[in-house]
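Examining the three-dimensional arrangement
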Amino acid sequence: MVDKKYDYLIVGAGLFGSVFAHEMTKRNKKCLVIDKRSHLGGNVYCEEKEGINVHKYGAHIFHTNDKKIWDYVNQFATFNNYINSPLSLSKGKLYNLPFNMNTFYQLWGTKTPHEAKQIIDEQVAKYGVESPSNLEEQALSLAGKDIYETFIKEYTEKQWGKKATELPAFIIKRLPFRYTYNNNYFNDRYQGIPMGGYNVIINGLLKGIETKTDVDFFAHKEHLESLANKVVYTGKIDEFFDYKYGQLEYRSLRFEHELHNIENYQGNAVVNYNDAAYSFTRIIEHKHFEFGKQSNTIVTREYPENWNRGKEAYYPINNDSNQKIFKKYKEESLKSENIIFGGRLAEYRYYDMHQIIASSLAKVEEISKSEP
Ligand code: FAD
Ligand code: UDP
């Protein structure tokens, strides 16, 4: 094989692509990273406005239990001590999340774990099932009817655009449920926001690496492929194969950013809006991620939307029918020579940032072992 200009063409400058490029460059491989957006960073990109780092594609809170991944990101940024403690507005009342003793007190007035557990156990016994096969059954079996109806059903159905009975059970298992007065949304040992925003990490990862923005891989496929020995593709897997086995479903979002000439809009970084009457799911007030003291504030409403080919795909919808289609693309991808698939869209998985970094590092390791 004649050696081409680059060892790797990396399609997508999100976390997967950026970690891959960084690690391969360290191993003396020459990389070119492209992205169809006008900036690097993918969904973790932040835009500075009024001295506030605005999470352009939704709130991003870094959390992990894995010391190796925590040390990895800390090479590139210093993390603050932000702990995510969202509130939920339901039927005019504010509650603490995730589901914990504060929530139970606000919901039922219970003061001890024993009192709360009694109510939940009764409801779980009445409405739960032994082997939950969808999100509704899972929620009822974990938390009972009141919690399901107050915090989960309406939020979930607007977030996903599907009935909770048509969604996979694992989605709701992301949320902690505990009998302590602890409003930390995550159970992980390490958590925080990179000081200066996520761009600091992306810039660190991509330092000294050639990058090109506003370049769509499919618009210049032949030329781009001719430049590199291998391609790392982090876009939608069904698009890569021209949707030949059918279109996978995704959920899209619309973000409405708003500047307010007041110091503090909602007193918390994240407030979820449970009720179906609101068509957005949450309002983010960005300055609170970094304990900002600016005189203005920027808030973002997050509206879930149906996805079509003209929109950004934010969430894979991992139900049975999509998994069946994905399996065919996955099998095809394993046969594709010199193309590596990775990231949330190419792996069609509801991955968080730490999982994406782990997956990219594992891929680099796997390749480096087979071709030193
Ligand atoms: P992406 O960031 O999507 O990057 C893929 C890149 O590929 C994109 O920039 C895209 O433009 C580019 N691309 C695609 N197709 C092409 C093409 N044809 N040509 C050129 N470029 C292309 N994780 C957490 O850990 N904590 C959180 O709090 C959190 N909150 C989230 C909130 C929201 C609303 C969303 C949507 C996700 C959240 N995540 C969170 C998950 C996190 O965003 C992802 O795990 C991570 O950013 C995925 O990285 P990636 O590189 O796989 O994908
Ligand atoms: N969820 C809910 N009510 C809430 C928050 C979350 O029902 O107030 C459900 C909903 O189905 C959501 C899932 O839990 O999609 C995972 O929530 P998470 O906050 O992890 O979602 P993400 O930040 O990834 O959008």
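Residues numbered from 1 in each chain as written. Chains lettered and ligands numbered in written order. Predicted model: local features only at pLDDT ≥ 70, side-chain atom pairs only at ≥ 80, totals over all residues. Heavy atoms only, no water.

Here we come to the overall build of the protein. For the protein, the helix and strand inventory stands at 11 helices and 16 strands. For 372 residues, the compact-globule estimate of 2.2 N^0.38 gives 21 Å, and the protein sits close to it at 22 Å. Projected onto its principal axes, the C-alpha coordinates of the protein cover approximately 70 × 50 × 35 Å. A total of 372 residues make up the protein; the buried ones form 54% of that total. Sequence-distant contacts, at least 24 apart, represent 71% of the contacts inside the protein between residues at least 6 apart. Here the protein has roughly 17,400 Å² of accessible surface; of this, 48% comes from carbon and sulfur atoms. Between the centroid of the 49 positive side chains of the protein and the centroid of its 48 negative side chains there is a distance of 1 Å. (Helix = DSSP H or I, 4+ residues; strand = E, 2+ residues; numbered from the N terminus. Rg over C-alpha atoms; globule rule 2.2 N^0.38 Å. Buried < 20%, exposed > 50% of the residue type's maximum accessible area, 1.4 Å probe, protein only. Contact = heavy atoms within 4.5 Å. Areas by Shrake-Rupley, 256 points an atom, 1.4 Å probe, with all protein chains shown as cover. Lys, Arg positive; Asp, Glu negative; His and termini not counted. Charge placed at Lys NZ, Arg CZ, Asp CG, Glu CD.)

All right, on to empty space enclosed by the protein then. Per the counting criterion, the structure on display carries 1 cavity of 30 Å³ or more. Taken as a whole, the largest cavity encloses approximately 50 Å³ of empty space. In terms of lining, the largest cavity is formed by Phe99, Ala139, Leu142, Ala143, Ile152, Ile172, Leu175 and Phe177. Tallying contributions element by element places helix H5 (residues 135–143) first for the lining of the largest cavity, with 3 residues. Residue composition of the lining of the largest cavity, by class: 8 nonpolar, no polar and no charged. (1 Å grid on protein atoms, 1.4 Å probe; cavity = no way out; pocket = protein on both sides within 12 Å on 5 of 7 lines; lining within 4 Å. Points joined across faces, edges and corners; volume = space filled by probe spheres on them. Nonpolar A, V, L, I, M, F, W, Y, C, P; charged D, E, K, R; others polar.)

Moving on, we come to the environment of arginine 282. Looking at where arginine 282 falls in the secondary structure, it is placed in strand S13 (residues 282–285). For arginine 282, the residues in contact, after removing those within four places along its chain, are Tyr155, Val270, Val271, Asn272, Tyr273, Thr300, Arg301, Glu302 and Tyr315. Engagement of the side chain of arginine 282 in a polar contact is seen with the side chain of glutamate 302, the distance being 3.0 Å. Within the structure, the side chain of arginine 282 is placed 3.4 Å from the side chain of tyrosine 315, a separation counted as a polar contact. (Polar contact = N/O pair within 3.5 Å; in protein donor to acceptor, adjacent residues only side chain to side chain.)

Glancing now at the site of ligand 2. In the vicinity of ligand 2, 16 residues are found, and the nearest of them are Phe151, Thr156, Tyr185, Tyr315 and Tyr350. Between ligand 2 and the protein, one listed contact pairs an oxygen atom with a side-chain N or O atom of threonine 156 at 2.8 Å. Calculation on ligand 2 without its partners gives an accessible area of 520 Å², and the protein chains cover 93% of this total. Sort the elements by how many residues they give to the shell around ligand 2 and helix H6 (residues 145–160) lands first, with 6 residues. Split by residue class, the shell around ligand 2 holds 11 nonpolar, 3 polar and 2 charged. (Near = heavy atom within 4 Å.)

A separate point is the pairing of strand S4 (residues 52–55). Across the two faces of S4 the burial is the same, with Ile52 and Val54 and Asn53 and His55 all buried. Note: strand S3 (residues 46–49) against S4, 4 bridges, orientation antiparallel. Within S4, the residue paired with lysine 49 across the bridge is isoleucine 52. Hairpin connection between S3 and S4: a loop of 2 residues separates the two successive antiparallel strands, and glutamate 50 in this loop has a positive phi of roughly 55°. (Pairing = 2+ DSSP bridges.)

Let's shift gears to the side chain of lysine 287. In this fold, lysine 287 is placed in the loop between S13 and strand S14 (297–306). Despite its burial, lysine 287 pairs with no opposite charge; the closest candidate is glutamate 263, at 5.1 Å N-O. At 2.6 Å, the side chain of lysine 287 forms a polar contact with the backbone oxygen of glutamate 263. (Salt bridge = Lys/Arg side-chain N within 4 Å of Asp/Glu carboxyl O.)

Applying the stated criterion across every chain, the model contains 40 aromatic pairs. Here the aromatic rings of tyrosine 245 and tyrosine 329 are separated by 5.2 Å at their centres, their planes lie at 65°, and the arrangement is edge-to-face. Residue tyrosine 245 is found in the loop between helix H9 (237–240) and strand S11 (250–260), and its partner tyrosine 329 is found in helix H10 (residues 320–335); the two are separated by 84 residues along the sequence. Taking relative accessible area as the criterion, tyrosine 245 reaches 31% and is therefore assigned partly exposed. (Phe/Tyr/Trp six-rings, centres within 6.5 Å; stacked < 30°, edge-to-face > 60°.)

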